[in-house]
Amino acid sequence: MRIDIITVLPELMRSPFEASIMKRAIQKGLVEVHFHNLRDYTMNKQRSVDDYQFGGGAGMVMMVQPIDDCISKLKSERNYDEIIYMTPDGETLNQKMANSISMYENIMILCGHYKGVDQRVRDMHITREISIGDYVLSGGEIGAIVFCDAIIRLIPGVLSDETSALTDSFQDNLLSPPIYTRPAEYKGLKVPEVLLSGNFGKIEKWREEMAYEHTKNRRPDLLENEE
Ligand code: ADE
């Protein structure tokens, strides 16, 4: 997968891609991430990317020209499966979306700032608008990092244990069951007997029951929304 990220703050974004799972995915050649600094596409001396809002009102708006030029240039070089704008008024990111987007070849991500981008950018180029939750960040960059982490770990070969992404919380609308490692007893707290039994049928059944209980207690909405 190739990910092109358009941002005014590439320096804010680099380090998560230089550590951990995302770094490994890049090193293995499974993912390429390219940053494009929006200021490189400005035509004014100050390299400013924003301007006052027509009609008045608080907050600046990101101008159409630098974004249009940057997106148009990238589009002329390859086809994109999706051109995504990170914005609090987009569809809320969930595991199902992450699963399907992780299968794409090329995606572009536009990070907004200030009040957001001129509507004409959205009308001309954006194919999908994504929010990472019902709260407002100071820019789309951190949202884009969260989104990239969620999709990159799902690309086959990125996680060393292929099955581990499939057993994550949310993969079947259930939260994960409790997990334990050695020692079998710590400060009087014992690991549930069934996990030590070696009976895999029983263990699987226990895990399913616990996942269901856990979900019912913490996130009953997930059980209601089952598709
Ligand atoms: N930009 C500002 N807030 C955001 C959010 N919640 N999700 C994605 N991008 C954003």
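Note that this is a predicted model, so its numbers are computed, not measured. (Residues numbered from 1 in each chain as written. Predicted model: local features only at pLDDT ≥ 70, side-chain atom pairs only at ≥ 80, totals over all residues. Heavy atoms only, no water.)

### A closer look at the environment of Ser15
Next up, step 1: With respect to the helices, strands and loops of the structure, Ser15 is situated in the loop between helix H1 (10–13) and helix H2 (20–27).
Next up, step 2: Its relative accessible area of 49% is what places Ser15 among the partly exposed residues.
Next up, step 3: In sequence terms Ser15 and Ile145 are 130 residues apart; their C-alpha atoms lie 10.0 Å from each other. (Helix = DSSP H or I, 4+ residues; strand = E, 2+ residues; numbered from the N terminus. Buried < 20%, exposed > 50% of the residue type's maximum accessible area, 1.4 Å probe, protein only.)

### Considerations on the UniProt feature "binding site: S-adenosyl-L-methionine" (unreviewed entry) in the chain
Next up, step 1: Per the UniProt annotation, the sites labelled "binding site: S-adenosyl-L-methionine" (unreviewed entry) are Gly112, Ile132, Gly133, Asp134, Tyr135, Val136 and Leu137.
Next up, step 2: In this structure, Ile132 sits in the loop between strand S7 (128–131) and helix H6 (140–152).
Next up, step 3: Using a relative accessible area of 19% as the deciding quantity, one classes Ile132 as buried.
Next up, step 4: Ignoring sequence-local partners within four residues, the contact set of Ile132 consists of Met86, Leu93, Leu137, Gly143 and Val146.
Next up, step 5: Residue placement: Asp134 occurs in the loop between S7 and H6. (UniProt positions renumbered as here; feature names shortened; annotations may be inferred. Contact = heavy atoms within 4.5 Å.)

### Here's the deal with the sheet that holds S7
Next up, step 1: Read from one edge of the open sheet, five strands run S2-S1-S6-S5-S7, paired in parallel fashion. This sheet does not close on itself; its edge strands, each paired only once, are strand S2 (32–37) and S7. Put simply, the sheet's adjacent strands are angled 30° from each other on average, direction ignored.
Next up, step 2: Relative to strand S6 (residues 106–111), strand S5 (residues 82–92) runs parallel, the two being bridged by five bridges. Across the sheet, the residue bridging to Ile83 is Met108, located in S6. (Pairing = 2+ DSSP bridges. Axes fitted to C-alpha atoms, helices over the stretch in contact; angles between N-to-C directions.)

### Examining the environment of Arg207
Next up, step 1: On the secondary structure map, Arg207 appears in helix H8 (residues 200–218).
Next up, step 2: Sequence separation between Arg207 and Pro177 is 30 residues, and the spatial gap between their C-alpha atoms is 5.7 Å.
Next up, step 3: Discounting residues that sit within four places of it in the chain, Arg207 has contacts with Pro177 and Leu195.

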